[in-house]
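Secondary and tertiary structure notes
This is what each chain is made of:
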Protein chains: 2
Amino acid sequence: MSSTKSVTIAGAGLVGSLIGIYLARRGYKVEIFEKRPDMRQKGMEGGRSINLALSNRGWWPLKEVGLENQVQDMIIPMAGRAMHDSSGDLTFQPYGKEGQAINSISRGGLNALLMTEAEKAGAVIHFNCTIEHIDFDQSTISCVKDGKPMMHLSDVIIGSDGAFSVVRKFMQITDRFNYSQHYIEHGYKELSIPAGKNGEFLLDKNALHIWPRGNYMLIALPNKDASFTCTLFLAFEGERSFSQLKTDDDILNFFRQDFPDAFERMPTLLEDFHHNPTSSLVTVRCYPWVKNKTLLIGDASHAIVPFYGQGMNSGFEDCRVLNALLDKHGDNWDKVLPEFQKERKPDADAISHLALSNFIEMRDLVGDENFLLRKKIEARLYELYPEEWIPLYSMVTFKEELRYSEALRQGETQQRIMDEVMRSPDIHERWMDLDFRSIADRLKAT
Amino acid sequence: MSSTKSVTIAGAGLVGSLIGIYLARRGYKVEIFEKRPDMRQKGMEGGRSINLALSNRGWWPLKEVGLENQVQDMIIPMAGRAMHDSSGDLTFQPYGKEGQAINSISRGGLNALLMTEAEKAGAVIHFNCTIEHIDFDQSTISCVKDGKPMMHLSDVIIGSDGAFSVVRKFMQITDRFNYSQHYIEHGYKELSIPAGKNGEFLLDKNALHIWPRGNYMLIALPNKDASFTCTLFLAFEGERSFSQLKTDDDILNFFRQDFPDAFERMPTLLEDFHHNPTSSLVTVRCYPWVKNKTLLIGDASHAIVPFYGQGMNSGFEDCRVLNALLDKHGDNWDKVLPEFQKERKPDADAISHLALSNFIEMRDLVGDENFLLRKKIEARLYELYPEEWIPLYSMVTFKEELRYSEALRQGETQQRIMDEVMRSPDIHERWMDLDFRSIADRLKAT
């Protein structure tokens, strides 16, 4: 199959557009089918501003396709978490070392840039195009565009059409396709903190703000226009839940009491609350990712919850790894496809697992004394032995050359060691006297 | 909703027909939509004979609807496992106490009886009817029968349309529906041991025959016509697998070497092997089972692998439990539906888990010395304290009043105790000297 020349991509989202750039640059005839209209024409400024956290794993492929400078202009670095307690008091926890940060970026803005770049590279994007059927034996996609059916044949099909992938839906009814979709108990709703009267940011702009409240939380990420997009994560049902917020008073009282310093900066709270949907949070796992010449990537094969900020980053990493395998095997897709799924599946499983556990950490543990001490000890270990004891969050977020699965493995070892350390007598008073060298050495022993 | 009068059932299989009997008898207007033609007219004798193991949980509802005598005539009791080793030598392990047995029964025969009984009770079965859409808000099913579309409205919809349920497929795309389908590495193929020249059974007819071979196995269940239906369970890929059985010689050598005493009784082996499909084995888990007035039951909500012989039995138990809840709540479905799913889900999860683990036991452990001793000690405990130490298999198979989830819980406790017992010094020589009373007492301590 070294004569492969044409690739069909389902979905012109972040991942579909990026893989489109890579493949068009490699000389493939790339056609992308996107069910939505062209967001660049409709004027996306009118809609809600949704932002994502771009970190090292996402940066790498963006640099590789030469978009570093353009993306640099779109980001706001966030060097750590700013935690807001119920009285409005703040604590700051840096994410990594001096100079390390994750970056708030507009989803729409980045997507538009990637689409345009894919087109420049030669890819054709067909908008308003609904996939009706996929024939995996023939590698054909049947679509409907503007009411007219069309059939498209290509050498390879890439399904990058998101968590509710239509390509995957057709794979799911083939024999021996393992699949799961699991929703957490919590939903989310986007809200807003607008810019101040003089166009200034009303909270520290270089932080990811968190109002952790045990079973739920509010977060806020900065936008380029000096506003913040806030997201409330709350259970659908139960004592403190969306189901309990029925009247305007319920909503106002909840925010006034639980998030006082955010509340006073949210003049459009009620409007936002009623207008924006309450959305659910799903984890999708499946295998295989390959059926004949069709491959699933990004959310289509491994949709994860957003709590590690790695959804987009892991999808971009898929693109980078796929491109590297095409280099390695001289574009022999018969070798690339099976190797891709075999190599990437453990990494997708690892970040999926980490994303679920980080919700507990964000909403609950960040206010816990033992947790904070544990982080302090780990930070000290990192400071003393920066090549040996790298905290899990740093491995996932800043060490882009390390596989997710390896980060998880090392993180689990660290956790076992730290569980023991935390059982030391009077640890809260005496932690500075710990033998840090011997703690770090235990990593090697395992 | 106490004025509910009409119920639509998707699927006229074993479970759909049985719940049809229950509901028609309760006075509901019952219509059943079945995609296949009427098996009673096509002459199912022409097809393969597939048999199932009917045990106490399945018997209970069949008795409840008054079919005991008719079913009695259709069964062949199997009092235990007849294990065949590679030399053709036999060992017999009774399933329970004197008089306890599981029962081989023809799937087709039982299904036909249940359909006829449902019709007698007033249910109408529409054959050749494909479901095209379900509207959960309106409780309407859109079907196509003989090329003509029809729309059907009812107060309640019951999806009993099996492991690949169409009703569930529509539930799956509603928000917050948790779903997983997982295939094991093994597939199965049905084969046959015909009756002898004089119409006699060629193996002991009152046993379930097993040829356990570590990673794979052959089993055989008796039919009323003195034949046996055999099932080969084998990995799809790998060293010993379906993928390795390419030529007729491969097949013949495999059977001759691994199952010699079965092989010599299988004159149609090659014909069967080529003619019958290699089928996959799926576990389906999902939740919720209820969407507005639509309920999933049987394989549609909890398809399991066949290794505990509980697929049909658990589906029939669903029917009995649903009927009992209708009694309890005076046919108030608003109470019945949520209570049903809440009560049954842990039981479905338990039998799903047990069915997967029993594959290991059947194919592998039944030939293991430690396993056999463990079974011997447990049998002794059961003999001495029949009200206290009931082996897990007996709880699942013969104690129909005990919930699956409770059987699993007690079984796990027994396992922990037996793990300790098996670590006693010289256990193989000295097991008769164990203090059985104190072992049984540990059950109460937990």
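Residues numbered from 1 in each chain as written. Chains lettered and ligands numbered in written order. Predicted model: local features only at pLDDT ≥ 70, side-chain atom pairs only at ≥ 80, totals over all residues. Heavy atoms only, no water.

The next point concerns the pairing of strand S6 (residues 90-94) of chain B. All names here are of chain B. Judged from the 5 bridges that link them, strand S5 (residues 80-84) and S6 form a sheet pairing that is antiparallel. Across the sheet, His 84 pairs through a bridge with Leu 90, a residue of S6. Linking S5 to S6, which pair antiparallel, is a turn of 5 residues; within it Gly 88 sits at a positive phi near 90°. (Pairing = 2+ DSSP bridges. Helix = DSSP H or I, 4+ residues; strand = E, 2+ residues; numbered from the N terminus.)

Our focus in this paragraph is the pattern of salt bridges. When charged atoms on two side chains of opposite charge get close, those side chains can pair. Residue and element names in this part refer to chain B. Summed over the entire model, instances satisfying the criterion amount to 60 salt bridges over all chains. A salt bridge links Glu 317 to Arg 344, with the shortest nitrogen-to-oxygen separation between them at 2.7 Å. Residue Glu 317 is found in helix H11 (residues 311-328), and its partner Arg 344 is found in helix H12 (residues 333-363); the two are separated by 27 residues along the sequence. Grouping residues by exposure puts Glu 317 and Arg 344 together as buried. Among the ionic pairs, Glu 361 bridges to Lys 375, the shortest N-O distance being 3.3 Å. Pair noted here: Glu 361 is in helix H12 and Lys 375 is in helix H13 (residues 369-384), with a separation of 14 residues, a long-range link. For Glu 361, a relative accessible area of 15% corresponds to the buried category. (Salt bridge = Lys/Arg side-chain N within 4 Å of Asp/Glu carboxyl O. Buried < 20%, exposed > 50% of the residue type's maximum accessible area, 1.4 Å probe, protein only.)

Turning our attention to the packing of helix H3 (residues 56-64) of chain B against H11 of chain B. Residues and elements named next belong to chain B. In the contact formed by H3 and H11, the axes pass within 7 Å of each other and the chain directions differ by 45°. Put simply, H3 runs oblique to H11. Note that H3 runs across H11; the crossing there is left-handed. Residue-level inspection shows Arg 57, Gly 58, Trp 60, Pro 61, Leu 62 and Glu 64 of H3 in contact with H11, the latter providing Asn 313, Phe 316, Glu 317, Arg 320 and Asn 323. Among the residues making up the contact of H3 with H11, the classes are represented as 4 nonpolar, 3 polar and 4 charged. (Axes fitted to C-alpha atoms, helices over the stretch in contact; angles between N-to-C directions. Parallel < 35°, antiparallel > 145°, perpendicular 65-115°, else oblique. Left-handed = near helix turned anticlockwise from the far one by under 90°. Contact = heavy atoms within 4.5 Å. Nonpolar A, V, L, I, M, F, W, Y, C, P; charged D, E, K, R; others polar.)

Where strands meet in a sheet, backbone hydrogen bonds hold them as pairs that are either parallel or antiparallel. All names here are of chain B. Within the open sheet, the 3 strands sit side by side as S3-S7-S4. Their pairing is antiparallel. Looking at which strands have only one partner, the edges of the open sheet turn out to be strand S3 (51-54) and strand S4 (76-78). Mean inter-strand twist for the sheet, computed between neighbouring axes without regard to direction, equals 35°. Packing of helix H5 (residues 107-120) onto the sheet brings it into contact with S3 and strand S7 (102-106), and relative to S7 it is tilted by some 75°.

What follows concerns the interface of chain A and chain B. The interface of chain A with chain B comprises 15 residues on the first partner and 15 residues on the second. With both sides pooled, the region where chain A packs onto chain B buries about 1400 Å², and carbon together with sulfur makes up 37% of that total. Contact with chain B buries area across many residues of chain A, yet Arg 176, Gln 181 and Tyr 183 of chain A alone supply 42% of it, more than any other trio. Where chain A touches chain B, the interface holds 0 salt bridges. If you look at where chain A meets chain B, you find 11 residue pairs in polar contact (both at pLDDT 80 or more). For the side of chain A that touches chain B, the leading source of residues is strand S13 (residues 178-193) of chain A, giving 8 residues. Taken together, the residues of the side of chain A that touches chain B sort by class into 5 nonpolar, 7 polar and 3 charged. Bridging between S13 of chain A and strand S13 (residues 178-193) of chain B involves 3 bridges; their strand directions are antiparallel. (Buried area = accessible area lost by both parts, 1.4 Å probe. Polar contact = N/O pair within 3.5 Å; in protein donor to acceptor, adjacent residues only side chain to side chain.)

Moving on to the packing of helix H12 (residues 333-363) of chain A against helix H15 (residues 404-422) of chain A. Residues and elements named next belong to chain A. Between H12 and H15, the least distance of the axes is 7 Å, while the angle of their chain directions is 50°. Taken together, the axis directions place H12 and H15 in an arrangement best described as oblique. Touching Arg 344, Pro 346, Asp 347, Ala 350, Ile 351, His 353 and Leu 354 of H12 are Tyr 404, Ser 405, Leu 408 and Glu 412, all from H15.

Residue and element names in this part refer to chain A. As enumerated under the stated definition, the model contains 37 aromatic pairs over all chains in all. With a centroid separation of 5.9 Å and 80° between ring planes, the pair formed by Tyr 28 and Trp 333 is classed as edge-to-face. With Tyr 28 in the loop between helix H1 (14-25) and strand S2 (29-33) and Trp 333 in helix H12, this pair connects stretches of sequence that are 305 residues apart. Note on Tyr 28: relative accessible area 7%, which makes it buried. (Phe/Tyr/Trp six-rings, centres within 6.5 Å; stacked < 30°, edge-to-face > 60°.)

This part takes up the sheet that holds strand S11 (residues 148-153) of chain B. Residues and elements named next belong to chain B. Strand order in the open sheet made by the 3 strands is S9-S10-S11, with antiparallel pairing throughout. Because the sheet does not close on itself, it has two edges, and the strands there are strand S9 (129-135) and S11. Averaged over neighbouring strand pairs, the angle between their axes works out to 25° when direction is ignored. Of the strand pairs in this sheet, S9 and strand S10 (residues 140-145) are connected by 6 bridges, and their pairing is antiparallel. Opposite His 133, over in S10, you have Ser 142 as the bridge partner.

Our next topic: the side chain of Arg 213 of chain A. All names here are of chain A. Counting through the fold element by element, Arg 213 comes out in the loop between strand S14 (208-212) and strand S15 (217-222). One buried charged side chain, Arg 213, makes no salt bridge at all; its nearest oppositely charged neighbour is Asp 258, positioned 4.6 Å away. A polar contact of 2.9 Å, which involves the side chain of Arg 213, links it to the backbone oxygen of His 84. Filtering out sequence-adjacent residues up to four positions away, Arg 213 remains in contact with His 84, Asp 85, Ser 86, Asp 258, Phe 259 and Arg 363. (Lys, Arg positive; Asp, Glu negative; His and termini not counted.)

What follows concerns the relation of the copies chain A and chain B. Note on the identical chains: chain A maps onto chain B by a rotation of 180° and an axial translation of 0.0 Å, with an RMSD of 0.0 Å. The superposition operator between the copies reduces to a two-fold rotation axis. Proximity to the rotation axis, assessed at the C-alpha, singles out Ser 180 of chain A in chain A; its C-alpha lies 2.0 Å from the axis. A share of 100% of the interface residues of chain A reappears at the interface of chain B, consistent with the copies meeting face to face through the same patch. (Least-squares fit on C-alpha atoms with pLDDT ≥ 70 in both.)

Turning to the domain arrangement of chain A, a few remarks are in order. Residues and elements named next belong to chain A. Annotation of chain A at the domain level lists domain 1 (6-77 + 104-181 + 282-358), domain 2 (183-280) and domain 3 (368-445). For domain 1 versus domain 3, the distance between C-alpha centres works out to 35 Å. Regarding the contact of domain 1 and domain 3, the summed buried area is about 1400 Å², with carbon and sulfur atoms giving 58% of it. Among the residues of domain 1 in contact with domain 3, Asn 56, Arg 57 and Tyr 308 are the three that bury the most area, contributing 42% of the side total. Scanning the region where domain 1 abuts domain 3 turns up 1 salt bridge. Across the pair Asp 347 and Arg 403 runs a salt bridge, and its minimum N-O distance is 2.9 Å. If you look at where domain 1 meets domain 3, you find 11 residue pairs in polar contact (both at pLDDT 80 or more). At the level of secondary structure, the elements contributing two or more residues to the side of domain 1 that touches domain 3 comprise helix H3 (56-64), helix H11 (311-328) and H12. For the side of domain 1 that touches domain 3, the leading source of residues is H12, giving 8 residues. (Domains from an automatic or database assignment.)

What follows is about the environment of Cys 286 of chain A. Residue and element names in this part refer to chain A. The topology assignment puts Cys 286 in strand S17 (residues 279-287). Overall, Cys 286 belongs to the buried group, its relative accessible area being 2%. Counting along the chain gives 10 residues from Cys 286 to Leu 296, while the straight-line C-alpha distance between them is 9.7 Å. With residues near it in sequence (within four places) discarded, Cys 286 still touches Arg 168, Phe 177, Asn 178, Tyr 179, Leu 296, Ala 300, Ser 301 and Lys 345.

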